[in-house]
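Analysis of the macromolecular model
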Amino acid sequence: MAIGRNSFSEQGLRRLREVLARHVDSGKIPGLVALVSRGGRTHVETLGTMRHDGGAPMQRDTIFRMASTSKPVSIAAAMVLLDECRLRLDDVVDPWLPELADRRVLRRIDGPLDDTVPARRPITVRDVLTSTFGLGMDMTALGTPILNAVFERGLTPNLPTEVPEQDEWMRRLGELPLMRQPGEHWQYQISSDLAGVLVSRVTGQTFEDFLRERIFEPLGMKDTGFHVPSDQIDRLPTLYAPDPATGEFLAWDEPEGGRWSKPPAFQGGGGGLVSTADDYHAYFQMLLNGGTHNGRRILSRPAVELMTTNRLTPEQNAARTALATNAVHISFGQGQQGGWGLGMAVRTYRGDYAPIGQFGWDGGSGTSAYADPTNQLTGILLCQLGYTVPNPAHLMNDFWTTVYQAIED
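Below: a short report on this structure. Note that this is a predicted model, so its numbers are computed, not measured. (Residues numbered from 1 in each chain as written. Predicted model: local features only at pLDDT ≥ 70, side-chain atom pairs only at ≥ 80, totals over all residues. Heavy atoms only, no water.)

**Side note on the overall build of the chain**
- On a plain count of helices and strands, the chain comes out with 12 helices and 18 strands.
- Here the C-alpha radius of gyration of the chain, 20 Å, is about what a compact globule of 409 residues would show, namely 22 Å.
- Summarising its shape, the C-alpha atoms of the chain cover approximately 60 × 50 × 45 Å along the three principal directions.
- Looking at the chain residue by residue over its 409 residues, the buried ones come to 57%.
- By sequence separation, contacts in the chain at least 24 residues apart represent 67% of the contacts at least 6 residues apart.
- Here the chain displays about 16300 Å² of accessible surface, and carbon together with sulfur accounts for 50% of that area. (Helix = DSSP H or I, 4+ residues; strand = E, 2+ residues; numbered from the N terminus. Rg over C-alpha atoms; globule rule 2.2 N^0.38 Å. Buried < 20%, exposed > 50% of the residue type's maximum accessible area, 1.4 Å probe, protein only. Contact = heavy atoms within 4.5 Å. Areas by Shrake-Rupley, 256 points an atom, 1.4 Å probe, with all protein chains shown as cover.)

Right under this line is the structure:
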């Protein structure tokens, strides 16, 4: 990578590598791939191995389970439909998602599932895309009847009940009342998966086929999808969820025969993608370019602006703000960006090295991807270590600190 003005300093990039190597050398991070770009220049670091006990080294083209870092990419499919007026933000979703018509809403979030009132209004496309349609992963409501029902029905990934194919997933979702009135509160995860179903039903294609046709192939994202083909499975590392008490490396998903070794029943926009550092760099660079890639328009500039600026009122964002500030000892400091656009976080205040306006998101498998319009900077950090321990969050924090200290103007 060329060093110089409007790029990164040589000293800063040395420190970036030293800090990342410190995490790998500690034995707590098996291996990683990190990519930073600025001013048309790209710098990549590959450190460590595919397994915690050795094996093949990490490579620039290693394929990673992106987990929730899927959200900022999968939302682009819905933006294509908005650009083409096949969807409108304030369309009622009932024609495509009839399972969500005539909703009932819990009187109390911790109440029994049959203690409900009618929804004040129908659910709209805007509610789905802003994660405010009324149902989601509320970490302050763990153990309540409604969240127990969400888990038991297999409506979220990574739990004992497998996620079913999308029509059955919608049927099960339609059995439940909403936790909040439509448009009232931001809630995590389920909206992102629901957006994928919406895209599939509007287009008559699978969610992956539409993403591939309109986003992945135009951007050259050849290694991005919802599973890893058998002839490429050696490029997928083991995913670990270490024992929080002992730190012992427990394999949560192995490449061979694992969850991403075959096409899934449900193509989850909230956390199902696999990808590489270069594929994600192409996507986030397209967003920084206002929707274009190599002279080809992928999304309109207003669509990108809608995605990458805060869409939430203080009232809608209140629960997210409270979770970020009151649970830093659980989240290890993640999730404190302030705002939320469409499918991704947006920084609305400066609480660390990153400036207001930075957008992107992190994943529970040890993935992080953000772009920063102020500095025209993109950063992608990929490892495969779950948040059962704070190590991946510490790695991400140090990555972004060293990326920003390396800026040279």
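**Considerations on the environment of G196**
- With respect to the element layout, G196 can be found in helix α6 (residues 190-203).
- Taking relative accessible area as the criterion, G196 reaches 1% and is therefore assigned buried.
- When the C-alpha positions of G196 and G247 are compared, they lie 35 Å apart, and in sequence the two are 51 residues distant.

**Some remarks on the pairing of strand β16 (residues 367-372)**
- In terms of burial, β16 is a largely internal element, six of the six residues being buried.
- Burial along β16 is two-sided: the residues T367, A369 and A371 and S368, Y370 and D372 are all buried.
- Taken together, the five bridges between strand β15 (residues 359-363) and β16 define a ladder with antiparallel strand orientation. Its bridge partner lying in β16, G363 is registered against T367.
- Once β15 ends, the chain turns through three residues before running back antiparallel as β16, passing G366 with a positive phi of about 95 degrees.
- Where β16 and strand β17 (residues 377-382) come together, six bridges link them in antiparallel fashion. Each bridged residue has a counterpart across the sheet, and for Y370 the counterpart in β17 is G379.
- Counted between consecutive antiparallel strands, the loop separating β16 from β17 contains four residues, among which Q376 sits at a positive phi close to 50 degrees. (Pairing = 2+ DSSP bridges.)

**A closer look at the sheet that holds strand β3 (residues 41-51)**
- One open sheet holds the eight strands; their spatial order is β4-β3-β2-β17-β16-β15-β14-β13, and the pairing between them is antiparallel. One side of each edge strand has no neighbouring strand; the edge strands of this open sheet are β4 (54-57) and β13 (338-340). Strand-to-strand twist of the sheet, defined as the mean angle between neighbouring strand axes without regard to direction, takes the value 20 degrees.
- Relative to β3, strand β2 (residues 31-38) is paired through eight bridges, and the arrangement is antiparallel. Bridge pairing in β3 places L32 opposite L47.
- Where helix α10 (residues 314-326) meets the sheet, its contacts fall on β13, β14 (345-347) and β15, and the angle it forms with β13 comes to roughly 125 degrees.
- Sitting on the sheet, helix α12 (residues 391-405) touches β2, β15, β16 and β17, and the angle it makes with β17 is about 150 degrees. (Axes fitted to C-alpha atoms, helices over the stretch in contact; angles between N-to-C directions.)

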